[in-house]
Amino acid sequence: MKYLFLFIGIPHLLMAQFQDSLNLDPVLISANRNDELLSEEYIEKDKKTVQFLSYNLGEILAQNKGIYIKTYGPSHSSTPSIRGASGNQTEVLWNGLPIVSPTLGLQDLSLTPFNFFKASTLSKSSVSGNGNQAIGGSIDLRSEFEDYKASVDLAMGQYGVLDVGAAFNLKKNKIQGQTKIIASKATNDFSYDPDGLNRQQTNAATNQIQVLQNLKYRLSSKMSLGIDYWFLTADRKIPPTLAQTSSEAKQEDLSHRIILQSRFTGKKITLNTSLGYFLDEQLFQDVNLISNIKTGNGYFRAIYTHDINNELQFNYSSRVQSIQVFPVNEALDGYQEWRQLNDVALRYKKKNFSGRLGIKKEFLKNQKIPLASSLQVEKQISKLKLKYLLAYNYRIPSINDRFWKPGGNPDLVPEQGWSQELMMHLNFHDFIFSVTGFNRKIDQWILWSPSSDKPWWEANNISKVWSRGLETSLDFTKKLNKIALVSTIAYQHIRSTSEFDLELPRIAKGEQLIYTPAHQAQGSISINTKSQTIRYSHSFMGKSTGINEEIKAYQLGNLFMSHEQDFGIPVTIFFNINNLFNHQYVIIERRPMPGRLVKIGLQLKLN
C-alpha cells in the first residue's frame, strides 16, 4: 500500500515548480461554501459525475475523509460513523427536515441515491454552518434544479448490476419543474474466499425504484413557493452470514415524502417556511419472523433571518414535529409524540473574522433535554484560516430504545456532552493543506446489553465515550496546457474509547469502540482533459473490533475512465473498476464484500 500512496503523492512534489494554475472541480467536490463557516463542507456533482448514477450516498461518503461507512454489502443497509460517533448520532436531513427513522434513529444511506441531489452539505463537526446540531455531525440533502434540459443514464456491471435513470427539467415564465427517476437492480451473486473457502453469495438480490419531483413557482421577485415529492420502493433479500449456510430473509421498504415550501426575501429579512409529511414503512420477513414498522412524521418549520447591519445577523428557527407509530407491530404499540425545537443564533462577520453564537432548546414530554449551546469563530490571516468550535450536544433516545417490547426502557435520558474542534486551513500556490484536531466526551451513552434478570437484551444509559483525533489532508491542482491534474492525500487518526468497563460487547475501560478503525487514509489522482477523465483512488482502513472477532485492515483501489463525444447530443461513456486488486474483506463481521467489480455505462444529456 505504501508504494501506491507514494505514487499518488509524487505529483504533489514534482509539480510544485510550475506556477500557472487552474481551480478545477474534481469529480467529487468536498469544499467549504463561501458563505458558511468551516464546519460545513459542500459536496456537489460536476459534469464528469456520470459514474455516480448507480452510487448511493453511503458509497459516495465512503470516499470522503474521516467518514466510516458501516455496510452489510452492496445495496444493503449502511450507516455513517463520523469521528467515532454511532450511526444514530448523525442527523440526515432532506431540504432541512430530518428523514431518519424515529423508531431506529437511523437513516439507511443505501436507500439514498446520490444522483438525486445536485448538492449536499456535510458537517463532520457537532454543529454545521446552518445551525443543524448533532453529536456525530449532519448531512443535508438539497433538491436543487439542474442546469440541463434532460438526461438519460444507463449502467451495467457484473453480478447482475443494472441501473437506469432519467431526468427532465422545465422552466417557463415563473414555473420551474424537475423530475428524476432511478431504477436499479442487482443479483449480487459474487464469489468470495473467506479463509480459503470458495463460496458464492446467495439470497442477495436487490431492486429499487425512486422518483423525485420538484416544482417551484415564483410569485414575485421577493416571494416563491415550492413543492418536493420523493417516492421510494425497495425490495432486498438478506444474504447469509459466513456462519450460515443459507438465508430466506428479505426486507421491503416504502416511503412517500412531501414538503411544501415558501420563501420571502426582503431588503434585510428572509423568511422560510416548510410543511412536510413523511410516511415510511419497513417489512422484514424471515423463517418464523415477521416485523412490520410503519411511521408518519409531520413537520412545520420556520426560519427567520434579519440582517441587523452589514456585520451582524440574527437567526431564529422553530420546528414542530409530530411522530406517529402505527400499531402494526406486536413489539411496538401505536404511539404518538410531539416535539418542539427552538434555535437562536447571532452571526458576526467583519473583514477577515467571522463567528456564530447559538442556543438550542428542545421540548418533549417525559424527557429532560439539556440546553444546547455552541460557539464558532473563524479568522483569516493572509492565506491561513483558523477555526475554533465549542459546543454542547445531545441525542434523544429513539422510540425503539424507549418502547420496544421486550427491552425498551422509557426511563432513558438523552446522551449529552461537550465537543471541541480546532482547524487550520492553509492555501499556498497550487496546494491546500488542512489539519483538524477534535475532542468529544459524551455521557449517558445508550447501549443494548443482556439483562441481569431477564432472558433478553435491554437499553440502558451505561457508558461514557471519549472521542478525539486528528485529520490531515493535502490537495493539489495544476493545469499544464490542456491537461489538468488533480490529486489528494489524507490521513485520519481517531480514538473513540469507552470510559467504563463493558460486559457485552466486551470493551475494557480505555479500549476502542467496536467498528471504529483508529487509522484511515485516502489518496487519489485525476488526469482531466476537455473530453476525457482518468481517475485512480486508493483507500486504507485500519483494523477494528467486531462484536465477536477482529475486523482485519483492508485497502481498496478504484479506477475510473470516461470519454465525452458530441453526436449532436453530448454522450459520455464511462468504464469503472471497483476493488481493482480483488481484495477479500469485510466491513461488518461475517458479512463478505464483493471482489473486483467492473461496470460500464453511458449518459446522454440535452443542454
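Thresholds applied
Residues numbered from 1 in each chain as written. Predicted model: local features only at pLDDT ≥ 70, side-chain atom pairs only at ≥ 80, totals over all residues. Heavy atoms only, no water. Helix = DSSP H or I, 4+ residues; strand = E, 2+ residues; numbered from the N terminus. Buried < 20%, exposed > 50% of the residue type's maximum accessible area, 1.4 Å probe, protein only. Areas by Shrake-Rupley, 256 points an atom, 1.4 Å probe, with all protein chains shown as cover. Core = buried A, V, L, I, M, F, W, Y, C linked by side-chain atoms within 4.5 Å. Pairing = 2+ DSSP bridges. Polar contact = N/O pair within 3.5 Å; in protein donor to acceptor, adjacent residues only side chain to side chain. Phe/Tyr/Trp six-rings, centres within 6.5 Å; stacked < 30°, edge-to-face > 60°. Patch = residues over 30% accessible without salt bridge, like charges linked within 9 Å, V, L, I, M, F, W, Y side chains within 5 Å. Salt bridge = Lys/Arg side-chain N within 4 Å of Asp/Glu carboxyl O.

## Thoughts on the overall build of the protein chain
When you go through the protein chain residue by residue, the secondary structure sums to 3 helices and 33 strands. Relative to its full complement of 607 residues, the protein chain shows a buried share of 52%. Carbon and sulfur atoms form 58% of the exposed surface of the protein chain, whose accessible area is close to 27,900 Å².

## Things to note about the nonpolar core
The tendency in soluble globular proteins is for nonpolar side chains to be buried side by side. Ranked by size, the top nonpolar core spans 25 residues in total, and within it L61, W94, L141 and W230 carry the most contacts. When contributions to this core are tallied by element, the ones reaching two or more residues are α2 (57–61), β2 (67–71), β4 (91–94) and β7 (138–142). Top element by residues in this core is α2. It accounts for 3 residues. Formed by 10 residues, the second largest nonpolar core is a distinct cluster that contains Y68, M541, I551 and M593.

## What about unusual backbone geometry?
In this model, K405 is joined to P406 through a cis peptide bond whose omega is -5°. Here P406 lies in the loop between α3 (399–403) and β23 (415–428). One non-glycine residue, N188, adopts positive backbone phi at about 55°. Counting through the fold element by element, N188 comes out in the loop between β10 (175–186) and β11 (191–192). Positive phi, close to 55°, is recorded for N582, a residue that is not glycine. Structurally, the position occupied by N582 is in the loop between β32 (570–578) and β33 (597–606).

## Overview of the pairing of β33
Note on strand geometry: in a regular strand, side chains alternate between the two faces of the sheet. The alternating pattern of β33 places L597, K599, G601, Q603 and K605 on a buried face, while none of V598, I600, L602, L604 and L606, on the opposite face, is buried. The pairing of strand β8 (residues 150–157) with β33 spans 8 bridges and is classified as antiparallel. Its bridge partner lying in β33, S151 is registered against K605. Here β32 pairs with β33 via 8 bridges, running antiparallel. Bridge assignment links T572 to a residue of β33, and that residue is Q603.

## Some remarks on the side chain of D153
Here D153 lies in strand β8. A polar contact of 2.5 Å, which involves the side chain of D153, links it to the side chain of Q603.

## So, the packing of aromatic side chains
Throughout the structure, instances matching the rule amount to 15 aromatic pairs. Taken together, a centroid distance of 6.2 Å and an interplanar angle of 55° make the contact between Y348 and F353 tilted. Looking at F353, the relative accessible area reads 32%, which means it is partly exposed. Pairwise contacts between aromatic rings join W94, F116, F117, W230, F278 and Y299 into one cluster.

## Remarks on a nonpolar patch on the surface
Among the surface-exposed residues, V152, I569, I573, L602, L604 and L606 lie close enough to one another that they form a single nonpolar patch of about 460 Å² accessible area. With respect to the helices and strands, the residue L606 is situated in strand β33. A relative accessible area of 42% means that L606 is categorised as partly exposed.

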